[in-house]
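Breakdown of the fold
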Amino acid sequence: VSAHNEATARSVMTVRGHQVVTDEPNDGDTGPTPLEATLSALLGCEGVIIYRCAGAMGFRYSGVEMEAEGEVDQRGSRGVRGVRPYFNWVRMTIRIRSDEPPERLERLKRNVEYRCPVMNLFRAADVDVEARWEMVPE
């Protein structure tokens, strides 16, 4: 990953030939904030790990919809001592379209939460991460 910044809030990263932009709402708003990008990375990682775990388990599903939100105390990134500059908590909703039994969904959830690298980074940083899984019948 490489990045370029022209003395603004906007940064343009290049990842294997793909461009990723981060910015701030009040300074151009040409992309998500870096913290919003971390939530995007979390959901993207969950999608990959769901796919891999479901394949290993033979868990049948036709798709998944995910949402994430988090709370950040902006004082932390502004230098206030004792206030951390990253998420206090993150809440996710994962809606998976499947007719699998509830026990199989619970097993999938356990496997995904154990294996997801980004979720585990959040948890290692002592972020309170909560994932609510819902089954949507096909």
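Note that the coordinates shown come from a computational prediction; the quantities given were computed from them, not determined experimentally.

**Focus: the pairing of strand β5 (residues 87–97)**
Regular strands show a simple pattern: their side chains alternate between the two faces of the sheet. Where strand β4 (residues 63–72) meets β5, 10 bridges bridge the pair, whose relative direction is antiparallel. Looking at β5, one finds that E67 is bridged to T93. In the sheet, β5 pairs with strand β6 (residues 128–136) via 9 bridges, with the strands oriented parallel. Its bridge partner being in β6, I96 is matched across the sheet by M135.

**Some thoughts on the sheet that holds β6**
The strands that make up a sheet pair up through hydrogen bonds in the backbone, lying either parallel or antiparallel. If you trace the 3 strands from one edge of the open sheet to the other, you get β4-β5-β6, paired in mixed fashion. Edge positions in the sheet fall to β4 and β6, since each of these pairs with one other strand and no more. Neighbouring strand axes in the sheet, compared pairwise and without regard to direction, differ in orientation by 15° on average.

**Describing the side chain of E46**
For E46, the location among the structural elements is in helix α1 (residues 34–57). The buried charged residue E46 lacks any salt bridge, with R123 as its nearest oppositely charged partner at 7.5 Å. In this structure, E46 is in contact with M66, M92, I94, V112, C116, M119 and W133, ignoring residues within four places of it in sequence.

**Some points on the side chain of S98**
Structurally, S98 is set in the loop between β5 and α2 (102–115). A distance of 2.6 Å separates a polar atom in the side chain of S98 from the backbone oxygen of R60. Among the polar contacts made by the side chain of S98, one reaches the main-chain amide nitrogen of E100 at a distance of 3.0 Å. For S98, the contacting residues outside a window of four places in its chain are F59, R60, Y61, M135, V136, P137 and E138.

**Considering the sheet that holds strand β1 (residues 2–5)**
Taken in spatial order, the 3 strands of this open sheet run β1-β2-β3, and their pairing is antiparallel. If you trace the sheet from one side to the other, it starts and ends with β1 and β3 (18–22), each paired once. Taking each pair of neighbouring strands and ignoring which way they run, the sheet shows an average axis angle of 25°. Sheet analysis places strand β2 (residues 11–15) next to β3, joined by 5 bridges and oriented antiparallel.

**Here's the deal with the nonpolar core**
Core analysis: the biggest nonpolar cluster contains 26 residues, and V90, M92, L108, F122 and W133 have the highest contact counts within it. The element contributing the most residues to this core is α1, with 9 residues. When residues no more than four places from it in sequence are discounted, the contact partners of W133 are E46, I50, I94, L105, L108, K109, V112 and E113.

Conventions used here
- Residues numbered from 1 in each chain as written.
- Predicted model: local features only at pLDDT ≥ 70, side-chain atom pairs only at ≥ 80, totals over all residues.
- Heavy atoms only, no water.
- Pairing = 2+ DSSP bridges.
- Helix = DSSP H or I, 4+ residues; strand = E, 2+ residues; numbered from the N terminus.
- Axes fitted to C-alpha atoms, helices over the stretch in contact; angles between N-to-C directions.
- Buried < 20%, exposed > 50% of the residue type's maximum accessible area, 1.4 Å probe, protein only.
- Lys, Arg positive; Asp, Glu negative; His and termini not counted.
- Salt bridge = Lys/Arg side-chain N within 4 Å of Asp/Glu carboxyl O.
- Contact = heavy atoms within 4.5 Å.
- Polar contact = N/O pair within 3.5 Å; in protein donor to acceptor, adjacent residues only side chain to side chain.
- Core = buried A, V, L, I, M, F, W, Y, C linked by side-chain atoms within 4.5 Å.

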